[in-house]
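One letter stands for each residue in the lines below.
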Amino acid sequence: MAHHTRTMLDRSPDAMAALEGQLATFDDGETLQTELQAHAFSQQCLREIEEDERLNRTETLTTEVLEVLVTPAAGALSTWKTQKDFPIGSVANLLLGSGAKAVSVWNPDNRGVRVAGRVGKVLLHSQLSIITRTLIQGTP
């Protein structure tokens, strides 16, 4: 068993002032540590926000370019008919475009799926424009 001796505590004003100084140092250290952690967290958040903004710009640009490319493809697809004159291309535009419209409304978290939905709905919009033009002109 360990044997402990009793030590008198120094309660002098000088000892108490030294103790308070040490305690203040601990408080300053904790404050500094908290401030450093807060700064590191804010820097991490800023990097994540900047990366998200960059990805959003890329997503928007990609979507816009692909929509321009898909629009004439929808027009070309609409001309595809079977030998019995069934408008299979128009039906494909309507079905694929409607599915893409549903995905676009759903607005999933996955950027690739979101771009595909937004681009694919161009098929529906283009086909509806073609149908409207055909009805106004009265051509079959």
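Refer to the structure above for everything that follows.
Since the model is a prediction, treat every value here as computed from it, not as a measurement.

1. Quick look at the pattern of salt bridges
Then, number 1: According to the stated counting rule, one finds five salt bridges in the structure shown.
Then, number 2: Note that R111 and D52 form a salt bridge whose closest N and O atoms lie 2.7 Å from each other. In this pair, R111 sits in helix α3 (residues 111–137) while D52 sits in helix α1 (residues 13–77), placing the two residues 59 residues apart along the sequence.
Then, number 3: Between R114 and E59 there is a salt bridge, with its nearest N and O atoms 2.7 Å apart. Of the two residues, R114 sits in helix α3 while E59 sits in helix α1, which places them 55 residues apart along the sequence.

2. Observations concerning the environment of T60
Then, number 1: Tracing the backbone shows T60 in helix α1.
Then, number 2: Judged by its relative accessible area of 48%, T60 falls in the partly exposed class.
Then, number 3: With 53 residues separating them in the primary sequence, T60 and V113 have C-alpha atoms 13 Å apart.

3. Observations concerning the nonpolar core
Then, number 1: Within the largest apolar cluster, six residues are counted, these being V70, A74, V115, V119, V122 and L123.
Then, number 2: Of all the secondary-structure elements, those providing two or more residues to this core are α1 and α3.
Then, number 3: Residue contributions to this core peak at four residues, all from α3.

4. Let's talk about the environment of S90
Then, number 1: With respect to the secondary-structure elements, S90 resides in helix α2 (residues 88–106).
Then, number 2: On the accessibility criterion, S90 (13% relative accessible area) is buried.
Then, number 3: Along the backbone, S90 and L124 are 34 residues apart, and their C-alpha atoms lie at a distance of 9.2 Å.
Then, number 4: When neighbours within four sequence positions are excluded, S90 is seen to be in contact with L77, S78 and Q127.

5. Describing α3
Then, number 1: Given a rise of 1.5 Å per residue, 27 residues ought to cover 39 Å, and the 40 Å separating the end C-alpha atoms of α3 matches this to within 8%.
Then, number 2: The set of residues buried in α3 consists of R114, V115, G117, V119, G120, K121, V122, L123, L124, S126 and Q127.
Then, number 3: Looking one or two residues past α3, G138 carries a phi angle of roughly 75°, positive in sign.

6. As for the side chain of S126
Then, number 1: Position of S126 among the secondary structure elements: in helix α3.
Then, number 2: Those residues in contact with S126 that sit more than four places away from it in its chain are T71 and A74.

7. Thoughts on the side chain of N93
Then, number 1: Along the chain, N93 falls in helix α2.
Then, number 2: From its side chain, N93 meets the backbone oxygen of A74 in a polar contact 2.8 Å long.
Then, number 3: Residues in contact with N93, not counting those within four places in the same chain, are A74, L77, S78, S98, L123, L124 and Q127.

8. Quick word on a nonpolar patch on the surface
Then, number 1: A cluster of nonpolar side chains, M16, L19, L23 and F26, forms an exposed patch at the surface whose accessible area comes to about 390 Å².
Then, number 2: With respect to the helices and strands, F26 occurs in helix α1.

Conventions and cut-offs
- Going along each chain's sequence as written, the residues are numbered from 1 onward.
- Since the coordinates come from a predicted model, pLDDT governs what is reported: local features require at least 70, and pairs of side-chain atoms require 80 or more to be given and counted, while whole-chain, interface and lining totals use all residues.
- Think of the side-chain values as coming from all heavy atoms in the structure, minus any hydrogens and water.
- For salt bridges, the criterion is a side-chain nitrogen of Lys or Arg within 4 Å of an Asp or Glu carboxyl oxygen.
- Working definition: helices are DSSP H or I runs of at least four residues, strands are E runs of at least two. Numbering for both runs from the N terminus.
- Think of it in three bands: with a 1.4 Å probe and only protein chains considered, a residue is buried below 20% of the maximum accessible area for its type, exposed above 50%, and partly exposed in between.
- Only buried residues count toward a nonpolar core. Its members are Ala, Val, Leu, Ile, Met, Phe, Trp, Tyr and Cys residues joined through side-chain atoms within 4.5 Å.
- Any pair of residues with heavy atoms lying within 4.5 Å of one another is described as a contacting pair.
- A helix is expected to span 1.5 Å for every residue after the first.
- Counted as a polar contact is a pair of N or O atoms within 3.5 Å, where, for protein atoms, one must be capable of donating a hydrogen and the other of accepting one, and residues adjacent in sequence contribute only when both atoms are in side chains.
- Put simply, a patch holds well-exposed residues, over 30% relative accessible area, that have no salt bridge, with like charges counted together within 9 Å and Val, Leu, Ile, Met, Phe, Trp or Tyr side chains within 5 Å.
- Methods summary: accessible areas were calculated by the Shrake-Rupley approach with a probe of 1.4 Å, and residue burial reflects only the protein chains presented.

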